[in-house]
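Next come the chains, spelled out residue by residue.
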Amino acid sequence: MHWTEPGQPNGIITQYNLTLDGQVVYSGTSKNFTIQGLQAFTEYALQITACTRIGCGQGPVVRIRTGELPPDGVKAPTVLVRGRTEVEVSWKIPSILNGSIVRYEILFATSDILSAYVSKFNATPDVFNTVIGNLTAGTLYYVRIRPFTGGGGTFSSATHVITHEDVPDDIPAPIVVADSPYALFVIMLPPDKPNGIITRYELYQDSITDPVLNVTQLTNYTAKGLAPYSNHTFRVRACTAQGCAYGAQAVAFTQEIAPNGTVTLTTSIRNATAVNARWTRVTVPNGRLFYNLMVYGRFIVQSSVEFETEQRVVTAISVEEAGKDFIYNGLLPYSTYTFWVNASNSVGFVLSNNVTDSTPEGGKLCTFSISRHVEVTKRLFLVTESVACV
């Protein structure tokens, strides 16, 4: 508080008296004073009295209200379970307001740590209950209320509640790792929505007839005695007291090993530039197998404009099929070629028998190079051509 001298002091001011709600809180000659220990958001009546040797005169009464603070005396809310995914929350006005309530905030968390709470609802000052939905079944929730004044908000203590259980939901596919050509390592994962206390986990391999694993806690599993590069499926089934549900399916292959078997190649020359080829299938591929028809003989040098030739090996065909006819059209007339098949996966390969055959004579192979020149306006359009043949 601060004040000034009276407009007409009528003498020397010897003392000022400051009263708060009729009680003297200060006497002295200073023109300012700090009053402490007041209540928040409370109106007070202040009056100053100035005195000379002759007597005292009073100033007008000034009324002032202190500022707001966050409320005190906030009680924990009452929470009633209304099903698997809903609860009803109710609350009361704080016992010490410290201001005017502007809103109530309802917060939820699955662990009682303030930073983990998430706001679910904001209520106006005249609302004292609400229903919160879209919760997860069979889950422990902590609920707090936070009323706000102009001075801020205050957390209540927490009320905890567990929603009713349901069948598990959103069960992820297990993680499957190929340990070797003969084993798969399976990592079981918990449901994204357990909807209660999981009482049992079951793991099914390649069917859902009989589980290969039946446990009360998550664990890992190794499927052994499998064939190389064999396809297997795995699925988890999780149970609560309300029932069981199957999760997503995982598909995995064991690791590859080198193919086992033979490949027999047969060929027949179609014409001067083409050959028919057919090969048998490898009995035990042991992986994803590619059949590569290899050809050794005379080929045109790449990017050659003069049809220069060289002896080299080319991969004529690369497919995953066998037991059917294929045609390769990249041969040169009157040339001898050796053919064989390389059947390979990521680990090894099997080579077929070699077949040597020759193409018959053919017509000349020619290449044409054409140049065009256009003169500026009103000139002739000139075309020149050059031809090279082998």
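Preceding block: the structure.
What counts and what doesn't
- Residues numbered from 1 in each chain as written.
- Predicted model: local features only at pLDDT ≥ 70, side-chain atom pairs only at ≥ 80, totals over all residues.
- Heavy atoms only, no water.
- Pairing = 2+ DSSP bridges.
- Helix = DSSP H or I, 4+ residues; strand = E, 2+ residues; numbered from the N terminus.
- Axes fitted to C-alpha atoms, helices over the stretch in contact; angles between N-to-C directions.
- Buried < 20%, exposed > 50% of the residue type's maximum accessible area, 1.4 Å probe, protein only.
- Contact = heavy atoms within 4.5 Å.
- Polar contact = N/O pair within 3.5 Å; in protein donor to acceptor, adjacent residues only side chain to side chain.
- Phe/Tyr/Trp six-rings, centres within 6.5 Å; stacked < 30°, edge-to-face > 60°.
- Lys NZ or Arg CZ within 6 Å of the ring centre and 35° of its normal.
- Core = buried A, V, L, I, M, F, W, Y, C linked by side-chain atoms within 4.5 Å.
- Salt bridge = Lys/Arg side-chain N within 4 Å of Asp/Glu carboxyl O.

Enquirer: Kindly report on the sheet that holds strand β25 (residues 326–328), identifying the contributing residues and their values.
Expert: One open sheet accounts for three strands, arranged β21-β22-β25; its pairing is antiparallel. Since the sheet does not close on itself, it has two edges, and those belong to β21 (265–269) and β25, each with one partner. Pairwise comparison of adjacent strand axes, ignoring direction, gives a mean angle of 25° for this sheet. Pairing of β21 with strand β22 (residues 275–279), which is carried by five bridges, proceeds in the antiparallel orientation. Looking at β22, one finds that Thr 267 is bridged to Ala 277.

Enquirer: For the environment of Thr 42, give the residues involved together with the corresponding values.
Expert: Within the secondary structure, Thr 42 sits in the loop between β2 (23–28) and β3 (43–51). Residue class for Thr 42 comes out partly exposed when judged on its relative accessible area of 25%. As for Thr 42 and Ala 238, which are separated by 196 residues in sequence, their C-alpha atoms are 60 Å apart. Other than its neighbours up to four places away in sequence, Thr 42 contacts Ile 64, Arg 65 and Thr 66. A polar contact is formed between the side chain of Thr 42 and the backbone oxygen of Ala 40, at a distance of 3.0 Å.

Enquirer: Kindly report on the packing of aromatic side chains, identifying the contributing residues and their values.
Expert: For the structure shown, the criterion picks out 12 aromatic pairs. Judged by centre distance (6.4 Å) and plane angle (25°), the ring pair of Trp 279 and Tyr 291 falls under stacked. Pair noted here: Trp 279 is in strand β22 and Tyr 291 is in strand β23 (residues 290–300), with a separation of 12 residues, a long-range link. By the burial criterion, Trp 279 is buried, and Tyr 291 matches it. Feature note: the residues Trp 3, Tyr 16, Tyr 26 and Phe 33 constitute an aromatic cluster, connected by ring pairs. The side chain of Arg 65 reaches across the aromatic face of Phe 41, ending 4.8 Å from its centre.

Enquirer: Any details on the nonpolar core? Residues and values, ideally.
Expert: Side chains of a nonpolar character, in soluble globular proteins, are inclined to be buried together. Within the largest apolar cluster, 26 residues are counted, with the highest numbers of intra-cluster contacts made by Trp 279, Tyr 291, Leu 293 and Val 295. For this core, the secondary-structure elements that each account for two or more residues are β22, β23, β24 (309–319), β25 and β26 (336–344). Counting 18 residues, the second largest nonpolar core, distinct from the first, contains Val 186, Phe 234, Val 236 and Ala 238.

Enquirer: I'd like to hear about the sheet that holds strand β6 (residues 78–81), residue by residue, with values.
Expert: In space, the three strands of this open sheet follow the order β6-β7-β10, with antiparallel pairing throughout. Lying at the two open borders of the sheet, with one neighbouring strand each, are β6 and β10 (129–132). The mean inter-strand angle of the sheet, taken between neighbouring strand axes irrespective of direction, is 20°. Note that β6 and strand β7 (residues 87–90) share four bridges and pair antiparallel. Paired with Val 79 across the bridge in β7 is Val 89.

Enquirer: Go over the side chain of Thr 240, please, and point to the residues and values.
Expert: Examined against the element boundaries, Thr 240 turns out to sit in strand β19 (residues 231–240). Polar contacts involving the side chain of Thr 240 include one to the main-chain carbonyl oxygen of Asp 166, which spans 2.9 Å. Apart from the residues within four sequence positions on either side, Thr 240 is in contact with Glu 165, Asp 166, Val 167, Pro 168, Pro 194, Asn 195, Gly 196, Ile 197, Ile 198 and Thr 199.

Enquirer: Outline the pattern of salt bridges, supporting the account with residue identities and numerical values.
Expert: Opposite charge on two side chains permits pairing when their charged atoms draw close. Tallied over the entire structure, the rule returns 12 salt bridges. In this structure, the salt-bridge partner of Arg 237 is Glu 202, at a minimum N-O distance of 3.0 Å. In this pair, Arg 237 sits in strand β19 while Glu 202 sits in strand β16 (residues 200–205), placing the two residues 35 residues apart along the sequence. Close ionic contact of Glu 320 with Arg 288 constitutes a salt bridge, the shortest N to O distance being 2.9 Å. Taken together, the residues span a long stretch of sequence, with Glu 320 in the loop between β24 and β25 and Arg 288 in the loop between β22 and β23 at a distance of 32 residues. A relative accessible area of 37% places Glu 320 in the partly exposed class. One connected set of salt bridges, linked through shared partners, spans Arg 200, Glu 202 and Arg 237.

Worth remembering: the numbers are spatial, not functional.
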